Amino acid sequence: MTDDPSTNAPSKLHNGIRVLRAFSVDEPALGVTEISRRVDLHKSTVSRILAQFEQLDLVVRDADSGRFRLGLGLIGLAGPLLANLDVRRIAYPSLERLTERTGETSALVVWSGNESVSVEQVPSPKQVKHTTPIGTRYSTSASSSVQVFLADLPEATVRDLLASRLAHPGHDDETSVRRYLDRLATARADGFAVNAGETSVEELGISAPVRDHRGRTVAAILLSAPSFRVSEQLQARLAAIVRETAVEVSERLGASPS
C-alpha cells in the first residue's frame, strides 16, 4: 500500500464525479443514503465528498431536510465552456424563431460520447408544454436527438453503444438491431428523426442535425411537444420546420447549403 497522493487521485476524482452525476432534473435533491446507494460507495465516503463539494459551492445542503442539491459553483465551472460553444450562441436566434413559428419548446443538444445533452432551450409560451432544461441528458436509443447523432456514426460504433452504453429496449437480437440501423438510415436520408411517445407517451420529440463546415454533426435541434397536440399531418409539418431550422444554423456554421 502506498501513500503517494497521486495513486489515489484518479479514484477520488472519479468518485466525486459519480456523486455529482447522481443528481438529475427529475430528482434534484438527494440524501446521503440515496447517493450512497446510487454510486455504490459507503455513506462515510459520500459524506466526505459532499462536505468538500459544499465548501466549493458545488452542492448545497438544505438545513431542514438535510438533503443536497447541486450548487451554483457548477455554473461557474461550466460557464467558460458554454460561453465558447459557438453553436449555442449562433443557434439561439433560430431557436427563438422555431418556438415562435411552432408554439412548442425548442432546444439545442450536443453529443457527449454516449448520450445527448441539452445546452440551450426556448420554452413554449403555452401553459401545457414539455421543457428541456439545460443539462438534461438523453440516453435511450429511441430519443430523437440520440437517433440524429447515431445516424452520423459508423455502424460498428452504433452497435457498441447499443451493446454497452445506451438504454435500448427491444434491441436484443440481430433482427431488432438491424431494424434500428435501418431506422437510422431513414433518419439520415430524411434529415430528421422522430420519437413519437416511445420514451414518454405524453411527449413527441423531433430532431434534426446541425453540421459544421466539415459536414460533421456537431449538434441537433430538438422540438418537444405534448403528444395530444400533434396530429400526424402536423407532425410532418413540424419535422419540415425543424429540419429547415437545423439547415439554417448549419449554414451559419459554414456548412454547404443543402
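S.K.: Tell me what's going on with the overall build of the protein, and back it up with residues and numbers.
M.R.: Within the protein, the regular secondary structure consists of nine helices and eight strands. Its C-alpha atoms give the protein a radius of gyration of 20 Å, near enough to 18 Å, the size a compact globule of 258 residues would have. Along the first, second and third principal axes, the C-alpha set of the protein runs to 60 × 45 × 35 Å. A burial count over the protein gives 43% of its 258 residues as buried. Sequence separation of 24 or more characterises 53% of the internal contacts of the protein that already satisfy a separation of 6 or more. For the protein, the accessible area works out to roughly 14,200 Å², and carbon and sulfur atoms hold 52% of it. One finds the centroid of the 30 positive side-chain charges in the protein at a distance of 1 Å from the centroid of its 32 negative side-chain charges.

S.K.: So what's going on with helix α3 (residues 43-55)? Which residues, and what values?
M.R.: With 13 residues, α3 ought to run about 18 Å at 1.5 Å a step, and its terminal C-alpha atoms sit 18 Å apart, in line with that. Regarding α3, the residues found buried are Val46, Ile49, Leu50 and Phe53. Angular distribution of buried residues about the axis of α3 spans 100°; they occupy a single face of the element. With respect to the buried face of α3, the exposed residues turned more than 90 degrees away are Arg48, Gln52 and Gln55. Looking at the residues trailing α3, positive phi occurs at Asp57, about 65°.

S.K.: Quick rundown of the sheet that holds strand β6 (residues 193-196)? Include the residues and the values.
M.R.: Read from one edge of the open sheet, six strands run β5-β4-β3-β8-β7-β6, paired in antiparallel fashion. Pairing within the sheet leaves two strands with one partner each, and these edge strands are β5 (137-138) and β6. Judged from the six bridges that link them, strand β3 (residues 105-111) and strand β4 (residues 116-122) form a sheet pairing that is antiparallel. By the bridge assignment for β4, Ala107 is matched with Gln121.

S.K.: Describe the nonpolar core, and please don't skip the residues or the numbers.
M.R.: In globular proteins that are soluble, nonpolar side chains generally tend to be buried together. In this structure, Val87, Leu108, Ile206, Val210, Ile221, Val242 and Val249 are the most contacted members of the largest nonpolar core, which totals 27 residues. Those elements giving two or more residues to this core turn out to be α5 (86-102), β3, β4, β7 (203-211), β8 (217-226) and α9 (232-252). Residues within four places of Val249 in sequence aside, it is in contact with Val87, Ile90, Ala91, Ser94, Val210 and Ile221. Formed by 20 residues, the second largest nonpolar core is a distinct cluster that contains Ala151, Leu161, Leu166 and Leu222.

S.K.: Can you explain unusual backbone geometry? Please cite residues and give values.
M.R.: Phi is positive for Asp40, which is not a glycine, with a value near 60°. Mapped onto the secondary structure, Asp40 falls in the loop between α2 (32-39) and α3. Of note in the backbone geometry, Asp57 takes a positive phi value of approximately 65° without being a glycine.

S.K.: Let's hear about α2: which residues, and what values?
M.R.: Within α2 the residues assigned to the buried category are Ile35, Ser36 and Val39. The buried residues of α2 all sit within an arc of 100° when viewed along its axis, so they share a single face.

S.K.: Help me get a handle on the confidence of the model for the protein, residues and values and all.
M.R.: Looking at the protein as a whole, its pLDDT mean stands at 88, while 91% of the residues score no less than 70. Across residues 1-7 the pLDDT falls below 50, and counting only partners more than four positions away or on other chains, this stretch makes one contact in the model.

S.K.: Can you break down the pattern of salt bridges residue by residue, with the values?
M.R.: Tallied over the full model, the rule gives 16 salt bridges. Where Glu104 meets Arg229, a salt bridge forms, and the shortest distance between an N and an O atom there is 2.7 Å. Of this pair, Glu104 sits in the loop between α5 and β3 while Arg229 is found in the loop between β8 and α9, placing the two residues 125 residues apart along the sequence. For the salt bridge of Arg159 with Glu174, the shortest nitrogen-to-oxygen distance reads 2.8 Å. A residue pair is termed long-range when its members are at least 10 positions apart, and Arg159 in helix α7 (residues 155-164) and Glu174 in helix α8 (residues 174-190) qualify at 15 residues.

S.K.: Now, about the environment of Val218: what can you tell me, with residues and values included?
M.R.: Turning to its location among the elements, Val218 is positioned in strand β8. The sequence separation of Val218 and Thr105 amounts to 113 residues, and the corresponding C-alpha distance is 20 Å. Excluding its chain neighbours within four sequence positions, the residues that come into contact with Val218 are Val110, Phe149, Val210, Arg211, Asp212 and Leu253.

S.K.: Provide a residue-level description of the side chain of Asn15, including the pertinent values.
M.R.: Relative to the elements of secondary structure, Asn15 occurs in helix α1 (residues 5-21). The exposure class of Asn15 is buried, given its relative accessible area of 14%.

Cut-offs applied
- Residues numbered from 1 in each chain as written.
- Predicted model: local features only at pLDDT ≥ 70, side-chain atom pairs only at ≥ 80, totals over all residues.
- Heavy atoms only, no water.
- Helix = DSSP H or I, 4+ residues; strand = E, 2+ residues; numbered from the N terminus.
- Rg over C-alpha atoms; globule rule 2.2 N^0.38 Å.
- Buried < 20%, exposed > 50% of the residue type's maximum accessible area, 1.4 Å probe, protein only.
- Contact = heavy atoms within 4.5 Å.
- Areas by Shrake-Rupley, 256 points an atom, 1.4 Å probe, with all protein chains shown as cover.
- Lys, Arg positive; Asp, Glu negative; His and termini not counted.
- Charge placed at Lys NZ, Arg CZ, Asp CG, Glu CD.
- Expected span 1.5 Å × (residues − 1).
- Arc of directions from axis to C-beta.
- Pairing = 2+ DSSP bridges.
- Core = buried A, V, L, I, M, F, W, Y, C linked by side-chain atoms within 4.5 Å.
- pLDDT = per-residue confidence, 0-100.
- Salt bridge = Lys/Arg side-chain N within 4 Å of Asp/Glu carboxyl O.

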